[in-house]
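# Per-entry structural report
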Amino acid sequence: MSGVDGAAPELAVSQWFNTGEPLTLAALRGRPVLLHAFQMLCPGCVAHGTPQTQRAYELFKATDLQVIGLHTVFEHHAAMTPVSLQAFIHEYRLTFPIGVDAAGDGTPLPVTMGRYAMQGTPTSILIGRSGRIVHHGFGQQSDMALGAMIAAELAGAQTYAAQA
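Given the structure is predicted, the values throughout are model-derived calculations rather than measurements.

## Brief notes about the overall build of the chain
- Along its length, the chain carries six helices and six strands.
- Counting from the amino terminus, the chain carries its helices and strands in the arrangement β-α-β-α-β-α-β-α-β-β-α-α.
- By residue count, 46% of the 164 residues in the chain fall in the buried class.
- Long-range contacts, defined as pairs at least 24 residues apart, comprise 73% of the intrachain contacts of the chain with a sequence gap of at least 6.
- Carbon and sulfur atoms form 56% of the exposed surface of the chain, whose accessible area is close to 8,100 Å².

## So, the packing of aromatic side chains
- One pass over the full model with this rule turns up three aromatic pairs.
- Among the aromatic side chains, those forming a connected cluster through ring pairs are Phe-38, Phe-88 and Tyr-92.

## A closer look at the pattern of salt bridges
- Across all of its chains, the model carries two salt bridges by this definition.
- A salt bridge links Asp-143 to Arg-55; the nearest nitrogen and oxygen atoms lie 3.0 Å apart. Separated by 88 residues along the polypeptide, Asp-143 in helix α5 (residues 143-155) and Arg-55 in helix α2 (residues 43-59) bring together distant segments of the chain.
- Residue Arg-55 is classed as partly exposed on the basis of its relative accessible area of 40%.
- Residue Asp-64 pairs with Arg-129 through a salt bridge whose shortest N-O separation is 2.6 Å. With Asp-64 in the loop between α2 and β3 (66-71) and Arg-129 in the loop between β5 (123-127) and β6 (133-138), the pair connects residues that are 65 residues apart, well separated along the chain.

## Describing the confidence of the model for the chain
- Here the chain averages 88 in pLDDT, while 88% of its residues score no lower than 70.
- This stretch, residues 158-164, has a pLDDT under 50; its non-local contacts, to residues over four places away or in other chains, come to four contacts.

## As for the sheet that holds strand β2 (residues 33-38)
- Judged by pairing direction, the sheet is mixed, and its six strands sit side by side in the order β1-β4-β3-β2-β5-β6 without closing on themselves. Unpaired on one side and paired on the other, β1 (13-17) and β6 mark the two borders of the sheet. When strand polarity is set aside, the average angle formed by the axes of neighbouring strands in this sheet is 20°.
- Of the pairings in the sheet, the one linking β2 to β5 comprises five bridges and is antiparallel in character. The partner of Ala-37 across the bridge, within β5, is Thr-123.
- Where α2 meets the sheet, it contacts β2, β3 and β5, and its direction lies at approximately 160° from that of β2.

## Section: the environment of Pro-22
- With respect to the helices, strands and loops of the structure, Pro-22 is situated in the loop between β1 and α1 (25-28).
- Separated by 75 residues in sequence, Pro-22 and Pro-97 place their C-alpha atoms 9.1 Å apart.

What counts and what doesn't
- Residues numbered from 1 in each chain as written.
- Predicted model: local features only at pLDDT ≥ 70, side-chain atom pairs only at ≥ 80, totals over all residues.
- Heavy atoms only, no water.
- Helix = DSSP H or I, 4+ residues; strand = E, 2+ residues; numbered from the N terminus.
- Buried < 20%, exposed > 50% of the residue type's maximum accessible area, 1.4 Å probe, protein only.
- Contact = heavy atoms within 4.5 Å.
- Areas by Shrake-Rupley, 256 points an atom, 1.4 Å probe, with all protein chains shown as cover.
- Phe/Tyr/Trp six-rings, centres within 6.5 Å; stacked < 30°, edge-to-face > 60°.
- Salt bridge = Lys/Arg side-chain N within 4 Å of Asp/Glu carboxyl O.
- pLDDT = per-residue confidence, 0-100.
- Pairing = 2+ DSSP bridges.
- Axes fitted to C-alpha atoms, helices over the stretch in contact; angles between N-to-C directions.

Next up, the structure:
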């Protein structure tokens, strides 16, 4: 589940929404990253995970936290196209950057989902300033717990900068 140097695996994204340029974890090293993997037909994602991610994006907008949504489709592929996702993003007023997880080669499992050994959606992954995974949670995550983890990573700015 981690790269050669112990870093979180790079994202494999086929298309981006809500961002002018593609995002990479390599370029974001030194900043905490909240990665939210979801499917638009996942009830838990629609009811809890995606709204929670939007709230985190808005709450921590003035910090250096990078929030990234990852639409990772492992079922109902024909129904969850990028065109449908674009409508979903508009209807749910999602403003954080969202990438479409690249399709797996000969498997229904998308590339990034496989790299992170995700069990399903929603999945919340917090990547620390060092580029290592701090939290990997499947299913509904507590707002308080996730907020506390994000705050701890944000507070670690001076510690990481001193070590880098």
